[in-house]
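Inside the fold
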Amino acid sequence: MIVITGATGNVGRTLVYLVAATGRAVTAVSRGIQPDSFEGVRTVAADLAEPASLRPALEGADTLFLLVAGEDPDGIVAEARAAGVRRIVLLSSQGAGTRPASYAHAVAFENAVTGSGLDWTVLRSGGLASNAYAWVQPIKTARVAPAPFGDVGLPFIDPDDVAATAAAVLTSDGHKGQFYVLTGPALTTPRERAAAIEAALGEPVRFVEQTRDEAYAQMTQFMPAPVAEGTLAILGTPTAEEQQISPDVERLLGRPGTPFADWARRNAPAFR
């Protein structure tokens, strides 16, 4: 059985359906999950901030898909090992490799998983296309899309592609001890992403370039200051590695990643 944490999130929801479609037994886990959240899939409410709450979900499991969430990765790994889990696939962040000082939380999870004695695979995701959901309210109310560093490009990845690569790793062999970097197929700038949403809506959307301080004040409302600093560093002064198009998505899926414009068209109703 495969246990999928974060099952109601942007990646997890698609991942549950993809893995269940292969015929594997799946347990979907999140804090607020409901019995009817997924048709035909076992659901268990649990909180990664409280590792012991995972025990009912882990009963009978051999594989765990784990998010970087909570403050006790060693406790989560201990619960998995005690339940008989043999393999962990961790969804981490590219920043854990490129800026470990700023992404210490993700690094701690990677260290717990890679040092667990279990089989493991680490997926280091770049920025998600769904980060554009931060524009939902300003676009809905004022048709503006605010962001810093308007002309700096990064290879943002469609969360459905993250889910698809995770599903490929969870349901096939040959991934033990691997780090995979997940990116989109092309660099896009905030200005270009706003234009893609404008095209998807068929209505004007004005890009507004924020200062770094304005963006920092906004980010620290929902993320720790060191993570905000690291994120802004990537957004404003990315390294060559952070701007590189990784081959791992195409290698795992047998197709290129999904362009941001496709994500925008698929999700245009959220911005109306």
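Treat the numbers as computed from the prediction; the structure is a model and nothing was measured.

Remarks on the overall build of the protein
Per the secondary structure count, the protein includes 13 helices and nine strands. When its C-alpha atoms are laid out on the principal axes, the protein stretches across 50 × 40 × 35 Å. Of all 272 residues assigned to the protein, the portion counted as buried reaches 50%. For the protein, the accessible area works out to roughly 12,000 Å², and carbon and sulfur atoms hold 52% of it.

A few points about the layout of surface pockets
Space inside the second largest pocket adds up to approximately 230 Å³. If you go around the second largest pocket, you meet 13 residues; those closest to its centre are Arg31, Ala46, Asp47, Leu48 and Ala69. Counted by class, the lining of the second largest pocket contains seven nonpolar, four polar and two charged residues.

A closer look at the sheet that holds strand β2 (residues 26–30)
Taking strand neighbours across the sheet as the criterion, the seven strands line up as β3-β2-β1-β4-β5-β6-β8 in an open arrangement whose pairing is parallel. Only two strands of the sheet have a single partner each, and these edge strands are β3 (42–45) and β8 (178–182). Across the sheet, the axes of successive neighbouring strands diverge by a mean angle of 20°, strand direction being ignored. Inspection of the sheet shows strand β5 (residues 87–93) paired to strand β6 (residues 119–125) by seven bridges, in the parallel sense. The residue bridging Ile88 from the neighbouring strand is Trp120, located in β6. Sheet strands touched by helix α1 (residues 12–20): β1 (2–5), β2 and β4 (63–67). Its angle to β1, the strand with the most contacts, is close to 165°. Across the sheet, helix α7 (residues 159–170) is in contact with β1, β4, β5, β6 and β8; its angle to β5 comes to roughly 160°.

Considering empty space enclosed by the protein
In this approach the atoms are scanned with a rolling probe the size of a water molecule, which exposes any empty space left behind. By the definition in use, this model includes one cavity of 30 Å³ or more. The space that makes up the largest cavity amounts to roughly 30 Å³. Together, Pro148, Phe149, Val152, Leu154, Pro190, Arg193 and Leu235 line the largest cavity. For the lining of the largest cavity, the residue count by class is six nonpolar, no polar and one charged.

Observations concerning the packing of α1 against α7
Running from N to C, α1 and α7 point in directions that differ by 40°, and their axes come no closer than 8 Å. Where α1 crosses over α7, the handedness of that crossing is right-handed. Across the interface between the two elements, Thr14, Leu15, Leu18 and Val19 from α1 touch Asp160, Ala163, Ala164, Ala166, Ala167 and Leu170 from α7. Per-class residue counts for the contact of α1 with α7 are eight nonpolar, one polar and one charged.

Calculation criteria
- Residues numbered from 1 in each chain as written.
- Predicted model: local features only at pLDDT ≥ 70, side-chain atom pairs only at ≥ 80, totals over all residues.
- Heavy atoms only, no water.
- Helix = DSSP H or I, 4+ residues; strand = E, 2+ residues; numbered from the N terminus.
- Buried < 20%, exposed > 50% of the residue type's maximum accessible area, 1.4 Å probe, protein only.
- Areas by Shrake-Rupley, 256 points an atom, 1.4 Å probe, with all protein chains shown as cover.
- 1 Å grid on protein atoms, 1.4 Å probe; cavity = no way out; pocket = protein on both sides within 12 Å on 5 of 7 lines; lining within 4 Å.
- Points joined across faces, edges and corners; volume = space filled by probe spheres on them.
- Nonpolar A, V, L, I, M, F, W, Y, C, P; charged D, E, K, R; others polar.
- Pairing = 2+ DSSP bridges.
- Axes fitted to C-alpha atoms, helices over the stretch in contact; angles between N-to-C directions.
- Contact = heavy atoms within 4.5 Å.
- Left-handed = near helix turned anticlockwise from the far one by under 90°.

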